[in-house]
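# Descriptive structure summary
The chain contents come next:
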Amino acid sequence: MLSNTMNITAQAAWNNCLSFIKDNISPQAFKTWFEPIQPVKLVDAALSIQVPSKFFYEWLEEHYVDLLKIALMRQLGETAKLLYVIRMENTTDDSEGFTEKIPSANRSAVGTQKVNVPVRTKSPELRNPFIIPGIRDVKIDSQLNANYNFENFLEGDSNRLARSASYAVANKPGGTSFNPLLIFGGVGLGKTHLAHAIGVEIKDKFPDKTVLYISAEKFTQQYIESVKNNNRNDFIHFYQIIDVLIVDDIQLLSGKAGTQDVFFHIFNHLHQNGKQVILTSDKAPVDMQDIEQRLLSRFKWGLSAELNQPDFETRISIINNKLYRDGVEMPEEIIEFLAHNIQTNIRELEGAIISLIAHSSFNKKEITLDLAKTIVENYVKNTKKEVSIEYIQRVVSDYFQMDVATLQSKTRKRHIVQARQLAMYFAKKLTKASLASIGSQIGKRDHATVLHACKTVDNLTMTDKQFKKYVEDLTKKLSM
């Protein structure tokens, strides 16, 4: 123990503290929470350390305050004090670049002397983007749906690789070569179900692990809020403490440069620290538009597993499993009829079964083949069909008797320009793609061109009868 700190530098004092701390916590915790800290200065027995964010400081105070007390007391004596210096983004303080200095909550390393925390000019920002304002609990809700598990995700030829890889990850998160695990496939094939199932299984087998499921859309909203509130660092460090991060519909980061940048840094931190990342997408990495190459390359580090449309046997198994869980019996011929007539989408298949059971129950009718035919006809007809930008371009090109390459070309011929504008209009109307993504896929135009195309189509529809007919005909073709 040193009683005189005049001849020791802040770096040396902190290095000695780190040696003690490192021997008393796990290597992973040390790497995450202590390696990023930088000593700033040592005055008498008061050591100032720089931490990346307020979230980081609060986590240290909540989880490692006793360890810090002992380390400081051993190094600097009984009068030791610890001050946190928090560097915030966009600061204009040229003296040190720090926006606030906060005494440790332990006040002094060994005593109970009270030191008032400086008053902030802004209200404290939330540490956890999922909690309600004013609640200071750092406990992280996994956001998982326990109904989506491996037990009710039936294996078949169409999903065997994805399911097997998911189960392997669930049994050894961060410890397989499937990191990240990217599950991709069309709408309603079970991507979200499988992603939740991994998280549910991990929480069951490894209750101490922090698991978080989030949609890419919500992640983007949280990031935008963090920028508005000037707490981007807190946002980043919140996600860097997650052990298993599950991001659904990662393709929705398309065209969002800022969100992609912050996700890139979060991904790198998690991957380097042996944390597990699970992603879902409606397309393979090679087909993703407007996603930075450095991010796409990360997606390819692990395994990309595709979910295909279920074959007939798998559809039969899905129906039987659904009926068993609902305690309903159904004649074999009706089960086969459903499996034959709803082929592309598991969500549609299960929805039709629910509708059939409901009609039978509410109307007190027996489940017959005729009832099944009526339900399937109405259900499939009324189910909104999701289309791709590629499909829209094909339909529009065929309608105007040209090939897709011509539609995407740079020519300014009026009929080709109008066809291209219609393709952009319907892409915006029928898909969730951003304007930037639509423009990139339809002739490598920018988002302003797409916006102009949509306005032009709206104007011509109201003023030009022939053009209005184009819109009506294509609307019918794309809804078939």
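Reading guide: rules and limits
- Residues numbered from 1 in each chain as written.
- Predicted model: local features only at pLDDT ≥ 70, side-chain atom pairs only at ≥ 80, totals over all residues.
- Heavy atoms only, no water.
- Helix = DSSP H or I, 4+ residues; strand = E, 2+ residues; numbered from the N terminus.
- Buried < 20%, exposed > 50% of the residue type's maximum accessible area, 1.4 Å probe, protein only.
- Contact = heavy atoms within 4.5 Å.
- Areas by Shrake-Rupley, 256 points an atom, 1.4 Å probe, with all protein chains shown as cover.
- Pairing = 2+ DSSP bridges.
- Axes fitted to C-alpha atoms, helices over the stretch in contact; angles between N-to-C directions.
- Core = buried A, V, L, I, M, F, W, Y, C linked by side-chain atoms within 4.5 Å.
- Parallel < 35°, antiparallel > 145°, perpendicular 65-115°, else oblique.
- Nonpolar A, V, L, I, M, F, W, Y, C, P; charged D, E, K, R; others polar.
- pLDDT = per-residue confidence, 0-100.
- Polar contact = N/O pair within 3.5 Å; in protein donor to acceptor, adjacent residues only side chain to side chain.
- Phe/Tyr/Trp six-rings, centres within 6.5 Å; stacked < 30°, edge-to-face > 60°.
- Lys NZ or Arg CZ within 6 Å of the ring centre and 35° of its normal.

So, on to the overall build of the chain. Within the chain one finds 20 helices and nine strands. Here the chain holds 480 residues, and 49% of them are scored as buried. Counted over contacts in the chain with a minimum sequence separation of 6, partners at least 24 positions apart contribute 71%. Total accessible area on the chain stands at roughly 24200 Å², and carbon and sulfur atoms take up 49% of it.

Turning to the sheet that holds strand β7 (residues 244–248), a few remarks are in order. The sheet built from five strands is open, its strands ordered β6-β7-β8-β5-β9 with parallel pairing. This sheet does not close on itself; its edge strands, each paired only once, are β6 (211–215) and β9 (303–307). This sheet shows a mean twist of 15° between the axes of neighbouring strands, independent of strand direction. Pairing of β7 with strand β8 (residues 276–281), which is carried by four bridges, proceeds in the parallel orientation. Across the sheet, residue Ile-246 finds its bridge partner in β8, namely Ile-278.

Time to look at the nonpolar core. Trp-14, Phe-34, Leu-245 and Phe-263 are the most contacted members of the largest nonpolar core, which totals 63 residues. Looking at this core, the element that brings in the most residues is helix α1 (residues 10–22), giving seven residues. Leaving out residues up to four positions away in the same chain, Phe-263 has contacts with Phe-219, Leu-245, Val-247, Ile-250, Leu-253, Leu-279, Leu-295 and Phe-299. In this structure, Val-395, Leu-422, Tyr-425 and Phe-467 belong to the second largest nonpolar core, which totals 27 residues.

Closest axis-to-axis distance for the helix α7 (residues 216–228)/helix α9 (residues 257–272) pair is 10 Å, and the angle between their directions is 100°. As the angle between them shows, α7 and α9 are arranged roughly perpendicular. Contact residues: Phe-219, Thr-220 and Tyr-223 in α7; Gly-258, Thr-259, Val-262, Phe-263 and Ile-266 in α9.

Moving on, we come to the packing of helix α17 (residues 414–430) against helix α19 (residues 447–463). α19 packs onto α17 with a crossing angle of 100° between their chain directions and a minimal axis gap of 8 Å. Classified by the angle between their axes, α17 and α19 sit roughly perpendicular to one another. Listed contacts from α19 to Gln-418, Gln-421, Leu-422, Met-424, Tyr-425 and Lys-428 of α17 are Thr-449, Val-450, His-452, Ala-453, Cys-454, Thr-456, Val-457, Asp-458 and Leu-460. Considering only residue class, the contact of α17 with α19 consists of eight nonpolar, five polar and two charged.

In terms of strand pairing, strand β1 (residues 38–43) meets strand β2 (residues 46–51) through five bridges, oriented antiparallel. Note on β2: the bridge partner recorded for Val-43 is Ala-46.

This part is about the confidence of the model for the chain. Looking at the chain as a whole, the pLDDT averages 79, with 84% of positions reaching at least 70. pLDDT under 50 marks residues 1–6. Its contacts with residues more than four places away, or in other chains, come to 13 contacts. Contacts for the low-pLDDT stretch residues 89–101, under 50 throughout, to residues beyond four places or in other chains number 28 contacts.

Its location among the elements puts His-193 in helix α6 (residues 191–205). Separated by 47 residues in the primary sequence, His-193 and Ala-146 have C-alpha atoms spaced 9.8 Å apart. A polar contact is formed between the side chain of His-193 and the side chain of Asn-152, at a distance of 2.8 Å.

Within this structure, the stated rule accounts for 16 aromatic pairs. For the ring pair Phe-34 and Tyr-64, a centre distance of 5.3 Å and an interplane angle of 70° mean the geometry is edge-to-face. Pair noted here: Phe-34 is in the loop between α2 (27–33) and β1 and Tyr-64 is in the loop between α3 (54–63) and α4 (65–76), with a separation of 30 residues, a long-range link. A connected cluster of aromatic rings, assembled from ring pairs, spans Phe-219, Tyr-223, Phe-235, Phe-238, Tyr-239, Phe-263, Phe-267 and Trp-301. The ring of Phe-264 carries Arg-294 above its face, with NZ or CZ at 4.0 Å from the centroid.

What follows deals with helix α8 (residues 232–240). An α-helix turns once per 3.6 residues; consequently, residues spaced three or four apart project the same way. α8 sits mainly inside the fold: nine of its nine residues count as buried. Listing the buried residues of α8 in full gives Arg-232, Asn-233, Asp-234, Phe-235, Ile-236, His-237, Phe-238, Tyr-239 and Gln-240. Residues of α8 that are buried in the fold lie against α3, β6, α7, β7 and α9.

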